[in-house]
Amino acid sequence: MQALDIAVLRGQFPALNQLVDGKTPIFFDGPGGAQVPRPVLTAMTDYLGHFNANLGGPFFSARATEQQAQRARQAVATLLGADRAEEIVFGANFTTLTFAVSRALSREWQAGDEIIVSALDHYSNVSSWQQAAADRGVVVHQVRVDVASGGLDYAQLLTLLGPKTRLVAVTAASNTTGTLVDIPRIADAVHSVGALLYVDAVHFAPHERIDVQAWDCDFLGCSAYKFFGPHLGILYGKHRHLERFTPYKVEPAKNVAPYKWETGTQNWEALAGVEATVEYLASLSGLDAAEHDLEARIDLAFARSRAHEQQLGAHLLARLAERPWFTLHGINDSKGRTPTFAITSNRHTPTEMAEYLGHHQVCSWAGHFYALALVEQLGVSEGVLRVGCMHYNTQAEIDRLFALLDDMPY
Ligand SMILES: Cc1ncc(COP(=O)(O)O)c(C=O)c1O
């Protein structure tokens, strides 16, 4: 497999080719939101500049909007490995879509039923379920984190599953430690007790290939702004679930899936953007679009990007190991993880490090990243410094990060 040409792909990102106070910025804030390549920007402004319309009008721009939406739905279905475009729902963001699903699913819950959330998760995939459960008198269990791996305590999850379990909500990868979760392994166990599986793939999506059919998840959500696209929430649901469950909706709006889940006017320019985002991702394969289908191109693209990200991860871990004043929270391996690293130092607080880096145009975050229970279990009350690499990052940028951290007065 040929390596990604990082210089060429970086050339497509205006953000990576600007000067801020005379310096080229470095973006290690990808887990909070990735930078966007030019074809995505062009698709969005082209849509707004030529067609801005709503659906159903007897004129060209309304028809173009409808066709654009359908192409975006199909492209995202292929990206997620869904069987059909009608299994894809668009919305404001992952959190809003998850609240909509929690309200719809919980309509069928009875007092005494149980659901399971995880301590590894961003709280949008926790609070939405806890609040729906509270409304219905449903018991909520929270699976612990396995502190050594920064991942999920699978053994505890298995003990919590039982005949009363209605739903398990879990992330595919921690947005803080980067540790991956074995979703197919969970899916079998969840389905064996007749429960549904709701997966948060927001952090996973820019790094690894998603395959909702192979994973056999009932629902999966992600956000395009984390995988080089616009601010757009995406929900996959097995078609039979999207048909059967009843979301809150406005009376005259279409009552069939997926449209009944899409409230109000959609962000059509973001749909134009997400179609271009999928094409950008597929282009990382280097394969000719005329000769290879989108699925095959996406498969190879993720294999190539993973190889580069694992090299970045190995490089970062090696630099970290040379500096014993840092603590890495999570697995000390470039495999089994995304290249997202949770770091603390006995010289500076996470906030001091992020502010110092920000002053030098290196973007990173400090805090808990809404993974409240994880940070509590890790025992890091001031949070962590999160250094998140994307496929557009380089080893030279990692070296610059450590050079700056070395220079920090203490
Ligand atoms: C793992 C994870 N889940 C959920 C969210 C929330 O996503 P959204 O901003 O699309 O609501 C985030 C955002 O940072 C996240 O990292």
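Below you will find a few notes about this structure.

Reading the values: rules and limits
Residues numbered from 1 in each chain as written. Predicted model: local features only at pLDDT ≥ 70, side-chain atom pairs only at ≥ 80, totals over all residues. Heavy atoms only, no water. Near = heavy atom within 4 Å. Polar contact = N/O pair within 3.5 Å; in protein donor to acceptor, adjacent residues only side chain to side chain. Areas by Shrake-Rupley, 256 points an atom, 1.4 Å probe, with all protein chains shown as cover. Nonpolar A, V, L, I, M, F, W, Y, C, P; charged D, E, K, R; others polar. Disulfide = S-S within 2.5 Å. Pairing = 2+ DSSP bridges. Helix = DSSP H or I, 4+ residues; strand = E, 2+ residues; numbered from the N terminus. Axes fitted to C-alpha atoms, helices over the stretch in contact; angles between N-to-C directions. Contact = heavy atoms within 4.5 Å. Buried < 20%, exposed > 50% of the residue type's maximum accessible area, 1.4 Å probe, protein only. Phe/Tyr/Trp six-rings, centres within 6.5 Å; stacked < 30°, edge-to-face > 60°. Lys NZ or Arg CZ within 6 Å of the ring centre and 35° of its normal.

## Structural notes on the site of the ligand
Then step 1. The immediate surroundings of the ligand are formed by N93, F94, T95, H122, S124, N175, D200, V202, H203, S223, Y225 and K226.
Then step 2. The separation between a nitrogen atom of the ligand and a polar side-chain atom of D200 is 2.5 Å.
Then step 3. Note that an oxygen atom of the ligand is positioned 2.6 Å from one of the side-chain N or O atoms of K226.
Then step 4. Within the complex, the protein chains bury 89% of what would otherwise be the 390 Å² of accessible surface of the ligand.
Then step 5. The residue inventory of the shell around the ligand, partitioned by class, reads three nonpolar, seven polar and two charged.

## So, the state of the cysteines
Then step 1. Counted under the stated rule, the structure contains zero disulfides.
Then step 2. Not engaged in a disulfide, the cysteine C222 finds its nearest cysteine sulfur in C217; these two sulfurs lie 10 Å apart.

## With respect to the sheet that holds strand β11 (residues 326-329)
Then step 1. Overall, antiparallel pairing links the four strands, which are arranged β11-β12-β15-β14 in an open sheet. Since the sheet does not close on itself, it has two edges, and those belong to β11 and β14 (365-367), each with one partner. Averaged over all neighbouring strand pairs, the angle between strand axes comes to 35°, with direction disregarded.
Then step 2. Here β14 pairs with strand β15 (residues 384-388) via three bridges, running antiparallel. Of the residues in β15, the one forming a bridge with G367 is V384.
Then step 3. The sheet strands contacting helix α12 (residues 350-359) are β11, β12 (340-345), β14 and β15, and the helix crosses β15 at an angle near 40°.

## Re the pairing of β12
Looking down a regular strand, the side chains alternate between one sheet face and the other.
Then step 1. For β12, a buried count of six out of six residues is recorded, marking the element as mostly surrounded by other parts of the structure.
Then step 2. Of the two faces of β12, the one lined by T340, A342 and T344 and the one lined by F341, I343 and S345 are each fully buried.
Then step 3. The pairing of β11 with β12 spans four bridges and is antiparallel. Bridge pairing links F326 to S345 in β12.
Then step 4. Summarising the sheet, β12 and β15 pair through four bridges and their orientation is antiparallel. Within the sheet, the bridge partner assigned to F341 lies in β15 and is V387.

## Concerning the packing of aromatic side chains
Then step 1. A full pass over the atoms with the stated rule returns 15 aromatic pairs.
Then step 2. Summarising the aromatic geometry, the rings of W129 and Y198 are spaced 5.0 Å apart at their centres and angled 70° between planes, so their arrangement reads as edge-to-face. Here W129 is found in helix α5 (residues 124-136), whereas its partner Y198 is found in strand β8 (residues 196-200), with 69 residues between them in sequence. There is no split in this pair, since W129 and Y198 are both buried.
Then step 3. An aromatic cluster of at least three residues, connected via ring pairs, comprises F94, W109, W129, Y198, F219 and F245.
Then step 4. Geometry around Y248 places R103 over its ring, the cationic atom sitting 5.3 Å from the centre.
Then step 5. Stacked on the ring of Y154, the Lys or Arg R185 has its end atom at 4.1 Å from the ring centre.

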